[in-house]
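Below are the chains, spelled out letter by letter.
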Amino acid sequence: MENMLLVGLSRQMTLERQLDVVANNVANINTTGFKADRSLFEEYLRSPAHEDNFVRADRRVSFVHDRATFHDFAAGPTEQTKNPLDIAIDGKAFLVVQTAAGERYTRDGGLHINNQGQLVTTSGDPVLGNSGPIVFQPTDKSINIAADGNITVVEGTGRTDSVRGKLRLVSFAEPQKLVKEGGNLYSAGQGVAPQPDTTSRVNQGYIEKSNVNSVHEMSRLIEITRTYTQISAMLQQQHDLHRTAVEKLADVPA
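So, here is what we can say about the structure in this document. (Residues numbered from 1 in each chain as written. Predicted model: local features only at pLDDT ≥ 70, side-chain atom pairs only at ≥ 80, totals over all residues. Heavy atoms only, no water.)

**A word on the overall build of the protein chain**
Per the secondary structure count, the protein chain includes 2 helices and 19 strands. A total of 254 residues make up the protein chain; the buried ones form 37% of that total. Taking contacts inside the protein chain between residues at least 6 apart in sequence as the whole, the part at least 24 apart equals 63%. Counting every atom, the protein chain has about 15,100 Å² of accessible surface; 51% of that belongs to carbon and sulfur. (Helix = DSSP H or I, 4+ residues; strand = E, 2+ residues; numbered from the N terminus. Buried < 20%, exposed > 50% of the residue type's maximum accessible area, 1.4 Å probe, protein only. Contact = heavy atoms within 4.5 Å. Areas by Shrake-Rupley, 256 points an atom, 1.4 Å probe, with all protein chains shown as cover.)

**What to know about unusual backbone geometry**
We note that K82 has phi near 65°; this positive angle belongs to a residue other than glycine. Looking at the secondary structure, you find K82 in the loop between β3 (78-80) and β4 (87-90). With relative accessibility at 69%, the residue K82 sits in the exposed group. The phi torsion at S142 lies on the positive side, around 50°, for a residue other than glycine. Here S142 lies in strand β11 (residues 140-145).

**Quick word on the side chain of D37**
Residue placement: D37 occurs in strand β1 (residues 37-46). For D37, a relative accessible area of 11% corresponds to the buried category. Polar side-chain contacts of D37 include one of 3.4 Å to the side chain of K180. (Polar contact = N/O pair within 3.5 Å; in protein donor to acceptor, adjacent residues only side chain to side chain.)

**Thoughts on the pairing of strand β6 (residues 102-106)**
The element β6 is largely enclosed, with a buried count of 4 among its 5 residues. In the sheet, strand β5 (residues 94-99) pairs with β6 via 5 bridges, with the strands oriented antiparallel. In the strand pairing of β6, V96 is matched with Y105. Turn length for the β5-β6 hairpin, with the two strands adjacent in sequence and antiparallel, is 2 residues. Relative to strand β16 (residues 185-187), β6 is paired through 2 bridges, and the arrangement is antiparallel. (Pairing = 2+ DSSP bridges.)

**Some words on the sheet that holds strand β12 (residues 150-155)**
In spatial order, the strands read β11-β12-β13; together these 3 strands make up an open sheet with antiparallel pairing. With partners counted over all chains shown, the strands left at the sheet margins are β11 and β13 (161-166), one partner each. Going across the sheet, the axis of each strand differs from the next one's by a mean of 25°, ignoring polarity. (Axes fitted to C-alpha atoms, helices over the stretch in contact; angles between N-to-C directions.)

**Regarding the nonpolar core**
L119, I151 and L167 are the most contacted members of the largest nonpolar core, which has 19 residues in total. Elements that contribute at least two residues to this core include exactly β4, β5, β11 and β12. Other than its neighbours up to four places away in sequence, L167 contacts I87, L95, L119, V127, L128, G129, N130, I134, I145, G149, I151 and V202. (Core = buried A, V, L, I, M, F, W, Y, C linked by side-chain atoms within 4.5 Å.)

Following this line, the structure appears as structure tokens:
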């Protein structure tokens, strides 16, 4: 197979992967705390000939190599909800939640209280404090979440604040090793350990929205689709040229 076809196919394979990444970003534009993924490409140079009896020197062929996909942890825009259970994290920290598969990490601050009085995420996973799940009493009111994550309430008819826990905020030295699960959950990759985060702050009554730029991602989606179509047309033209050449050579008298 000629180098032109190989180069075209390598580009189509990377475009297909890039299309999946961008489409997933677009699908999560409205997912609270979602962090976009980005594709990383590099040029791969290879010499097509390896013998020493060619008149001309070998020329390197440039292929497209889909090197990796990485997380964009840039902060998303915050939206004020005035819901006392909603929080937005100002900093690099993550909330720790308990799932059926173990501890997971999220930036989704759209929280609520379940039937057992536990503070949980939208998907129902308990939010962990420094001493385990955070549990409220039926008579609790005036919930206050301080900037450091400390949660206090006015209990019953009294005016004395009672502490219900402190949000466990963690960060990672190598966040790119986190493994995304679903829209806004992460698990720790191999050799990755969460560290207590004391620098990030919590803003009560706000949520952090997705950091996906809808206009940019839709433009990329159109651009990728058009590029894939153009390469397909080019490869088809090359195939037709080869077929025509073979048919004409077959008509040449021996």
